[in-house]
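For reference, the chains in residue letters:
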Amino acid sequence: MNIRTVLQGKIGFGSAPLGNMFRNIPEEEAMATVDAAWEQGIRYFDTAPFYGAGLAEIRLGEALSTRRREDYLLSTKVGRLIMDELEDPVARDLGEKGGLFEFGRKNKLVNDYSADATLRSIEQSLNRLKTDHLDIVYVHDIAQDFYGDEWLAQFEIARTGAFRVLTRLREEGVIKSWGLGVNRVEPIEIALELEEAQPDVCLLAGRYTLLDHERALQRVMNDAAKKNVNIIVGGPYSSGILAGGTHFEYQEASPEIISKVERIKNIAQRHQISIKAAALQFSLAHPSVAAVIPGASRPERIAEDQAALNEVIPNAFWLELREQKLVTHDAPLPINN
């Protein structure tokens, strides 16, 4: 189905920070953040078992348990099972994302994209989320950043396992949609060409942002629009560097990235607009993008996101970005005619 028909608004809630990403978030702060999202009218919530080894799902499920299930849209991911056995989170092999959830739960993570594991993962998520159904299921992280040269082998396991299971569940009406949830464009590019088990929505994190969008434009975005595959943009602030933070791609930003951000900030200041507004509205300007889901771990950030979404940005700002080659020449811009 076209997920736009059930989305309420252009902004969702990304729950990765609730898994204690980068820091140990107090329980009351996590609950208050979800409550703030609800009060601001957000009705799409995204999560994953990977986020703190189930912690984000548990917290999100608790926070939403008092709301009517038919009033919100919920997505989670498959590809990792959470075991009862414990391990040191710091010692996990997470490819380029090492130490991302070192403050999360210590339950062991097992990567598995097979059909049986997909069904088990969904069952586990339903329990943690305190719900009886999921709306969207993404196949998580089958890409180079987690698996290096082995990523295509993992993709093949998912193609013959998770993809087929999720296609069947969609056909049976158990879920509304399925797709990939990745930080790289290549897996989506391949998935769009499949003859069988085709996704209808994909979550692309960090790859269609004000800072990093050229490759996605070349390889994925236009094809997705042609094939009616909706794109949900995760990480529109590029891991925080576009929202006052210091991280890019989940790591400390390089001098080159910091320099580019400063150039964008200077232009934004001259036009008296916020860089957060520019980041959100840029990602939403592409016709294939159905929504953005910035992550948040503090209640006040939600109101900031909504304000950024509604901020009026003059055409001259976008044209100056293009003139300064801070956005690619063919990137759709939210210019008002």
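Our structure is the block above this text.
Residues numbered from 1 in each chain as written. Predicted model: local features only at pLDDT ≥ 70, side-chain atom pairs only at ≥ 80, totals over all residues. Heavy atoms only, no water.

Chemist: Teacher, can you tell me more about the overall build of the chain here?
Modeler: In terms of helices and strands, the chain carries twelve helices and twelve strands. Rg of the C-alpha trace for the chain: 19 Å, near the compact-globule value of 20 Å for 337 residues, within the 12% margin. With the principal axes as the frame, the chain shows a C-alpha extent of 55 × 45 × 40 Å. The burial tally for the chain puts 58% of its 337 residues in the buried class. A fraction of 78% describes how many contacts in the chain between residues 6 or more apart in sequence connect residues 24 or more apart. Put simply, the chain shows about 14000 Å² of open surface, and 48% of that area lies on carbon and sulfur atoms. (Helix = DSSP H or I, 4+ residues; strand = E, 2+ residues; numbered from the N terminus. Rg over C-alpha atoms; globule rule 2.2 N^0.38 Å. Buried < 20%, exposed > 50% of the residue type's maximum accessible area, 1.4 Å probe, protein only. Contact = heavy atoms within 4.5 Å. Areas by Shrake-Rupley, 256 points an atom, 1.4 Å probe, with all protein chains shown as cover.)

Chemist: How should I be thinking about the nonpolar core in this particular structure?
Modeler: Side chains of nonpolar character tend, in soluble globular proteins, to be buried together. With 117 residues, the main nonpolar core has Phe45, Val139, Phe163, Leu180 and Ile232 as its most contacted residues. Here this core takes seven residues from helix H10 (residues 275–284), the largest share from any one element. When sequence neighbours within four positions are dropped, the list of residues in contact with Ile232 reads Leu7, Tyr44, Tyr138, Val201, Cys202, Leu203, Leu204, Ala290, Ala291 and Ile293. (Core = buried A, V, L, I, M, F, W, Y, C linked by side-chain atoms within 4.5 Å.)

Chemist: How should I be thinking about unusual backbone geometry in this particular structure?
Modeler: Negative phi is the rule for most residues except glycine; trans is the rule for most peptide bonds. For Phe22, which is not glycine, the phi torsion reads 75 degrees and is therefore positive. Looking at the secondary structure, you find Phe22 in the loop between strand S1 (13–14) and helix H1 (27–39). We note that Gln272 has phi near 60 degrees; this positive angle belongs to a residue other than glycine. Note on placement: Gln272 falls in the loop between helix H9 (255–270) and H10.

Chemist: Looking at this structure, I do not really get the packing of H10 against helix H11 (residues 299–310). What am I missing?
Modeler: Between two packed helices, both the angle of their axes relative to each other and the distance between the axes serve to describe the pair. Where H10 meets H11, the axes come as close as 8 Å, and the angle between the chain directions of the two elements is 60 degrees. For H10 against H11, the interelement crossing comes out right-handed. Judged by residue contacts, Lys276, Ala277, Leu280, Gln281 and Leu284 of H10 engage Arg301, Glu304, Asp305, Ala308, Leu309 and Asn310 from H11. Across the contact of H10 with H11, the residue classes tally to five nonpolar, two polar and four charged. (Axes fitted to C-alpha atoms, helices over the stretch in contact; angles between N-to-C directions. Left-handed = near helix turned anticlockwise from the far one by under 90°. Nonpolar A, V, L, I, M, F, W, Y, C, P; charged D, E, K, R; others polar.)

Chemist: How do you make sense of the packing of aromatic side chains when you look at a structure like this?
Modeler: Here a ring pair, both rings aromatic, is described through the centre-centre distance and the interplanar angle of the planes. Here the structure, examined in full by the defined rule, presents 14 aromatic pairs. Here the aromatic rings of Phe155 and Phe163 are separated by 5.4 Å at their centres, their planes lie at 85 degrees, and the arrangement is edge-to-face. In this structure Phe155 comes out as buried when scored by relative accessible area, which is 4%. A relative accessible area of 0% places Phe163 in the buried class. An aromatic cluster of three or more residues is present, and its members are Phe13, Trp38, Phe45 and Tyr72. The aromatic ring of Trp38 is capped on one face by Arg43, whose charged end is 3.7 Å from the ring centroid. (Phe/Tyr/Trp six-rings, centres within 6.5 Å; stacked < 30°, edge-to-face > 60°. Lys NZ or Arg CZ within 6 Å of the ring centre and 35° of its normal.)

Chemist: Honestly, the pattern of salt bridges in this entry has me stumped. Any pointers?
Modeler: Where charged atoms from two side chains of opposite charge come close, those side chains can pair. This model, assessed by the stated rule, comprises 28 salt bridges. Between Glu156 and Arg159 there is a salt bridge, with its nearest N and O atoms 2.7 Å apart. Of this pair, Glu156 and Arg159 both sit in helix H5 (residues 151–160), three residues apart, which is roughly one turn of the helix. Looking at Glu156, the relative accessible area reads 37%, which means it is partly exposed. (Salt bridge = Lys/Arg side-chain N within 4 Å of Asp/Glu carboxyl O.)

Chemist: Sorry, what's going on with the sheet that holds strand S12 (residues 289–293) here?
Modeler: Backbone-to-backbone hydrogen bonds join strands into a sheet, with any given pair of strands oriented parallel or antiparallel. Sheet architecture is open: eight strands sit in the order S1-S2-S3-S6-S7-S8-S9-S12, paired in parallel fashion. Sheet topology places S1 and S12 at the edges, where each strand pairs with a single neighbour. In this sheet, strand S7 (residues 177–182) lies alongside strand S6 (residues 136–140) in parallel orientation, the contact comprising five bridges. When the bridges of S7 are listed, Tyr138 appears paired with Gly179. (Pairing = 2+ DSSP bridges.)

Chemist: Quick question: what am I supposed to make of the pairing of S6 here?
Modeler: Every other side chain in a regular strand lies on the same face of the sheet, so the side chains alternate between the two faces. Of all five residues making up S6, five are buried, and the element is well covered by its neighbours. Across the two faces of S6 the burial is the same, with Ile136, Tyr138 and His140 and Val137 and Val139 all buried. Judged from the four bridges that link them, strand S3 (residues 73–78) and S6 form a sheet pairing that is parallel. Each bridged residue has a counterpart across the sheet, and for Ser75 the counterpart in S6 is Ile136.

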